[in-house]
Amino acid sequence: MNDKDIQVFITGVRRYFDSIKKDVSVVIEPPFIKDNDKPFLEYTGIIGISGKAHGAVCFTANGVMLENILRFLNETPINRDVICDLVGEIANTLSGNAREEFGRDFLISVPTVSTGQDVRFQFPPDGRNYVIPIIWQAEKAFLLVCLTQDTR
Amino acid sequence: MKLLIVDDSSVVRRAIERDLESGEITEVDQAATGEDAVRLYSAKLHDVVTLDITMPGMDGLTCLDRIVEINPEARVLIISALRDKATAIDAIKRGASGFLCKPINPSELKEAFKLLVED
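In this text, all values refer to a predicted model and were calculated from it rather than measured experimentally.

1. Quick word on the interface of chain A and chain B
Taken together, the 23 residues of chain A in the interface contact 21 residues of chain B. Inspection of the chain A/chain B interface yields 5 salt bridges. Two residues, D90 of chain B and R104 of chain A, come together in a salt bridge whose shortest N-O distance is 2.6 Å. Remark: the boundary between chain A and chain B carries 15 residue pairs in polar contact (both at pLDDT 80 or more). Listing elements by their share of the side of chain A that touches chain B, those giving two or more residues are helix 1 (3–20), helix 3 (80–97) and helix 4 (99–102) of chain A. Of the residues in the side of chain A that touches chain B, the class split is 8 nonpolar, 8 polar and 7 charged.

2. Some remarks on the layout of surface pockets
Empty space among the atoms becomes visible once a probe the size of a water molecule is rolled across them. Roughly 410 Å³ of volume is contained in the largest pocket. Along the walls of the largest pocket sit 19 residues, with S19 and L73 of chain A together with A15, D19 and I104 of chain B positioned nearest its centre. For the lining of the largest pocket, the secondary-structure elements that each account for two or more residues are helix 1 and helix 3 of chain A together with helix 1 (10–20) of chain B. Space inside the second largest pocket adds up to approximately 170 Å³.

3. Observations concerning the pairing of strand 4 (residues 55–61) of chain A
Residues and elements named next belong to chain A. When you tally the buried positions in strand 4, you get 7 out of 7 residues, the bulk of the element. Both strand 3 (residues 43–51) and strand 4 contribute to a ladder of 7 bridges, which runs antiparallel. In the strand pairing of strand 4, G45 is matched with F59. The turn joining strand 3 and strand 4, which pair antiparallel and follow one another in sequence, is formed by 3 residues. The pairing of strand 4 with strand 8 (residues 139–147) spans 7 bridges and is classified as antiparallel. Bridge pairing in strand 8 links V57 to V145.

4. Here's the deal with helix 2 (residues 63–72) of chain A
Taken residue by residue, helix 2 of chain A has G63, M65, L66, N68, I69 and L70 of chain A as its buried positions. Where helix 2 of chain A terminates, the next one or two residues include N74 of chain A, which has phi positive at roughly 60 degrees.

5. Notes on the packing of helix 1 of chain A against helix 2 of chain A
In a packed pair of helices, the relevant descriptors are the angle between the two axes and the axis-to-axis distance. Residue and element names in this part refer to chain A. It is at 9 Å that the axes of helix 1 and helix 2 come closest, and there the two elements cross at 50 degrees. With respect to helix 2, the axis of helix 1 lies oblique. Seen from helix 1, the contacting residues are Y16, F17 and I20; seen from helix 2, they are M65, I69 and F72. Of the residues belonging to the contact of helix 1 with helix 2, the class tally is 6 nonpolar, no polar and no charged.

6. A word on the packing of helix 2 of chain A against helix 3 of chain A
Residue and element names in this part refer to chain A. One can describe the packing of helix 2 onto helix 3 by two numbers: an axis separation of 10 Å at closest approach and a directional angle of 90 degrees. Relative to helix 3, helix 2 is oriented roughly perpendicular. Facing helix 2, whose interface residues are L66, E67, I69 and L70, helix 3 presents V82, I83, L86, V87 and I90. Grouping the constituent residues of the contact of helix 2 with helix 3 by class yields 8 nonpolar, no polar and 1 charged.

Basis of the calculations
- Residues numbered from 1 in each chain as written.
- Chains lettered and ligands numbered in written order.
- Predicted model: local features only at pLDDT ≥ 70, side-chain atom pairs only at ≥ 80, totals over all residues.
- Heavy atoms only, no water.
- Contact = heavy atoms within 4.5 Å.
- Salt bridge = Lys/Arg side-chain N within 4 Å of Asp/Glu carboxyl O.
- Polar contact = N/O pair within 3.5 Å; in protein donor to acceptor, adjacent residues only side chain to side chain.
- Helix = DSSP H or I, 4+ residues; strand = E, 2+ residues; numbered from the N terminus.
- Nonpolar A, V, L, I, M, F, W, Y, C, P; charged D, E, K, R; others polar.
- 1 Å grid on protein atoms, 1.4 Å probe; cavity = no way out; pocket = protein on both sides within 12 Å on 5 of 7 lines; lining within 4 Å.
- Points joined across faces, edges and corners; volume = space filled by probe spheres on them.
- Buried < 20%, exposed > 50% of the residue type's maximum accessible area, 1.4 Å probe, protein only.
- Pairing = 2+ DSSP bridges.
- Axes fitted to C-alpha atoms, helices over the stretch in contact; angles between N-to-C directions.
- Parallel < 35°, antiparallel > 145°, perpendicular 65-115°, else oblique.

Laid out in structure tokens, this is it:
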């Protein structure tokens, strides 16, 4: 995993938020590395990665952003189950889209969803943790890319 | 026309149903797993199936194989986050009629559905 690989995920984030509503722009701040504490928010969708890379890709956001996305999708009613479904689906989409660059051997799991700071996932101890900050409609989310192997 | 929507995300299933709402579709079934999809398809032989790939239990490509075994003429549109050409080519070789990548673009979905129905 290197700085260049992160661009694949940034492209995926932009594509995802543009798909919700084209005229509502997403701001992606410069990614940073945070190897210790991970900035988990209220809801986190986690995709385990295996094959040519090992680790996880996580999308974490507060309920307000996820509720806003669901409103744009005309989803009703909006409740905790639907929010958990959405955060998992966003993590799935952003991980799966990365295969455009990394190929078919970048294997992704089905999503698991955690709420709150207590995210139960065995992150690779020797991997770099890239954090991509996302701002959409004044709400912040993060995409965490925690992988051990080089994806090329 | 009978439509079967297969995806483990209920949000995605409902979005697809809303995007494809039209007078042509008289009946819509939804399945969250490949196993449920095969069961529903074998009972009703839907005119069109939209099918996710990454799902718990039976994955979408295995589900596609089962559906094609039941009906070699099945019209199956894959809608997946897996944005690599190898997976798309594999799905088409196994009998899918089309392949769309998530996030879903409603216009592309409607166009792909129209092409499937006209085929």
